[in-house]
Structure formats: structure tokens, C-alpha cells
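Chain residues, written in single-letter form:
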Amino acid sequence: MTRTISKAMSGILEDMELNAESYITLSMLGEIAKKHGVNTSPPMIAQRLKKNGWLLPTTQRGVWEFAPASRAGAFSQNDPLKDIIAFRMVNPSINCFLCLQTAAWALGLADRVPSSKELAFSEIPKVRIPEDVSTFRYDPSIPTESIKGVDCLAPESILVHLAAKPQVVSSWSSAMEWIPDVVYEINIDRLMEELFTRNDSIKRRTGYLLQGMYPKAADEIRNTASIKSKIRFGPRTTAIRNDEHWMIADTILPFSPKEMELVK
């Protein structure tokens, strides 16, 4: 596809190229147009740029992916986070974080991103969320990391989220392909900070999960937890194994955490 550019639009495109914009909103278009003295309305500018292949759709109304001249055509970069990035651009005040395998992938700790991207919220918002996004409720205690303008749970928070809600993992067998890499990146002080305000059940499940991969961290967690009665790791079903050290009835894991290879 040969993309054309009018004289009136050339300055706007040049600005987007120079600023290396990956995504553009109506308000951003309005600001750039004003800078170049273009009086055309932002929706009309967007319509012209879309028609000529410079702006590509996202699932978020009023946000487009910018296809620069370097792509030699109206081709998407096929960013798996495209719709989440667009969602964040329109809803900057909503606290949300990449979590689970999506967070591990974004941090370079998992080989692939799940087909349904995973996003955690401090509070689930009453706004439209992209259809290919699975939502969870989790509020980290330590700082998040920024990936392409989207907040991402740190390795310590990823692990504690797994322990807090074991049932949210679609496949623990698949998760064990990337969890050891997450554990390798964990800083024990940050892990203890993430756990500080959590209840004893979450602390115990975290320690139970870590006992083979990171026994030093598991021991430190156990020293801060009260272990009085048995709890579950997973749903209320028949136990696959019982761990008397942690007083945990494991009803979900297809492996024994104590038999996992030492990571740290």
C-alpha cells in the first residue's frame, strides 16, 4: 500500500515520527495540530490519517497505533500489550498492573504471553476493559515496574499474588516453566516487604511454594508466620498432598514444591 501525505498533515506526521509515538490519542492529535497551526478538528485529522494508513485501530475508542514511514506500509507492530496500552492512555487514573504470566513475560521471565492477557486492579473499575484481558484484584505493597507505559508487578509481587490466589492460575504445570525464573529475580528484603501486611495464610502459602526453590526465603517467612491450624493451597477439594511443616493441605499443585530444583 502506497501511503500519501498532504501538506497540511506533513507537520503532524513529522512530529509523531520525531517523538517516536507508538500510540496516539485524539487529545494528542489536537495538541500537535495546534502547534502546527492546523485548524482541522482532531476527529477529522484522525479520519484522514486512518484513511491513508498512518493510524491503525485499537479496541479503545479514540486511541490508534501509529504506523511510521519506517514500516513501509500500514502494518501493525503486533504488540501483545496494544489494547492494554490504549486502555491505560484513556484511563490514566485507574491503578492496574500486568500480573501472573503476562507480567513474567513483560519482564523477560516467561517465553510467551498468554492469549488472554492478565491485568490486576486495586479495585475492579466500572469501565469497559478490552475483551482479551483477564482481570484480577491485587494491590501490591512494593513499587511496580513500568513496561511500555504500563505498570507491571515486580517479581516479588508476582509470586505473592500466586500464593494469595492459587486458583487464578489456569495451569500450574505451565506456570512452573516460568516461576523458577521469577524466583531467581526475587530480592528477599522486597519479598518480606510485600508480605509484611499480608495475613498468615498468604505468608505460609508463599513459604510453602518457595521451600525447594528458595529455602532461605521460605525459612525467613516461616519465622514471621503463625502456624496453628491447617490451611489449603487451592480450592476446598481433596488434598493431593499434606505438608505438616507448613500445615498446608495442597489441593491444586501437580508437583511438590519441596522437590523443586534449588534456584537461590
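Throughout what follows, the structure given in this document is the object of discussion. Keep in mind that what you see is a predicted model, and the values were worked out from it rather than measured. (Residues numbered from 1 in each chain as written. Predicted model: local features only at pLDDT ≥ 70, side-chain atom pairs only at ≥ 80, totals over all residues. Heavy atoms only, no water.)

**Section: the nonpolar core**
Argument step 1. Core analysis: the largest hydrophobic core is formed by 63 residues, its most contacted members being Trp172 and Ile179.
Argument step 2. Per-element tally for this core: the top contributor is helix H6 (residues 155-164), with 5 residues.
Argument step 3. Membership of the second largest hydrophobic core comes to 17 residues, among which are Met9, Met16, Met28 and Ile45. (Core = buried A, V, L, I, M, F, W, Y, C linked by side-chain atoms within 4.5 Å. Buried < 20%, exposed > 50% of the residue type's maximum accessible area, 1.4 Å probe, protein only. Helix = DSSP H or I, 4+ residues; strand = E, 2+ residues; numbered from the N terminus.)

**As for the packing of aromatic side chains**
The geometry of two aromatic rings is summed up by the distance between their centres and the angle between their planes.
Argument step 1. Within this structure, the stated rule accounts for 3 aromatic pairs.
Argument step 2. Taking the centre distance of 6.3 Å and the plane angle of 85° together, the rings of Phe87 and Phe121 count as edge-to-face. One end of the pair, Phe87, is in helix H4 (residues 82-90); the other, Phe121, is in strand S5 (residues 117-121), with 34 residues separating them in the sequence. The same class applies to Phe87 as to Phe121, namely buried.
Argument step 3. Put simply, the rings of Trp172, Tyr208 and Phe233 pair up and form one aromatic cluster.
Argument step 4. Seen from the ring of Trp246, Arg222 lies directly overhead, with NZ or CZ sitting 5.9 Å from the centre. (Phe/Tyr/Trp six-rings, centres within 6.5 Å; stacked < 30°, edge-to-face > 60°. Lys NZ or Arg CZ within 6 Å of the ring centre and 35° of its normal.)

**Notes on the sheet that holds strand S10 (residues 241-243)**
Argument step 1. Ordered in space as S9-S11-S10, the 3 strands form an open sheet in which the pairing is mixed. The open sheet has two edge strands, strand S9 (231-233) and S10, and neither has a second partner. Taken pair by pair, the neighbouring strands of this sheet meet at an average axis angle of 25°, ignoring direction.
Argument step 2. Judged from the 3 bridges that link them, S9 and strand S11 (residues 248-250) form a sheet pairing that is parallel. Each bridged residue has a counterpart across the sheet, and for Arg232 the counterpart in S11 is Ala249.
Argument step 3. Contacts from helix H10 (residues 200-210) reach S9, S10 and S11, with the element oriented near 50° to S9. (Pairing = 2+ DSSP bridges. Axes fitted to C-alpha atoms, helices over the stretch in contact; angles between N-to-C directions. Contact = heavy atoms within 4.5 Å.)

**A look at the side chain of Arg198**
Argument step 1. Along the chain, the position of Arg198 falls in the loop between helix H9 (188-195) and H10.
Argument step 2. By relative accessible area, which is 16% here, Arg198 ends up buried.
Argument step 3. Separated by 3.3 Å, the side chains of Arg198 and Ser141 make a polar contact. (Polar contact = N/O pair within 3.5 Å; in protein donor to acceptor, adjacent residues only side chain to side chain.)

**Focus: the packing of H6 against H10**
Argument step 1. Contact pair H6 / H10: the axes reach a minimum separation of 8 Å and the direction vectors enclose 110°. By the angle between their directions, the pair H6 and H10 is classed as roughly perpendicular. By crossing handedness, the relation of H6 to H10 is classed as right-handed. Every residue of H10 that contacts H6 at Leu159, Val160, Ala163 and Ala164 is listed here: Ile202, Arg205, Thr206, Leu209 and Leu210.
Argument step 2. Looking at the contact of H6 with H10 residue by residue, the class counts come to 7 nonpolar, 1 polar and 1 charged. (Parallel < 35°, antiparallel > 145°, perpendicular 65-115°, else oblique. Left-handed = near helix turned anticlockwise from the far one by under 90°. Nonpolar A, V, L, I, M, F, W, Y, C, P; charged D, E, K, R; others polar.)

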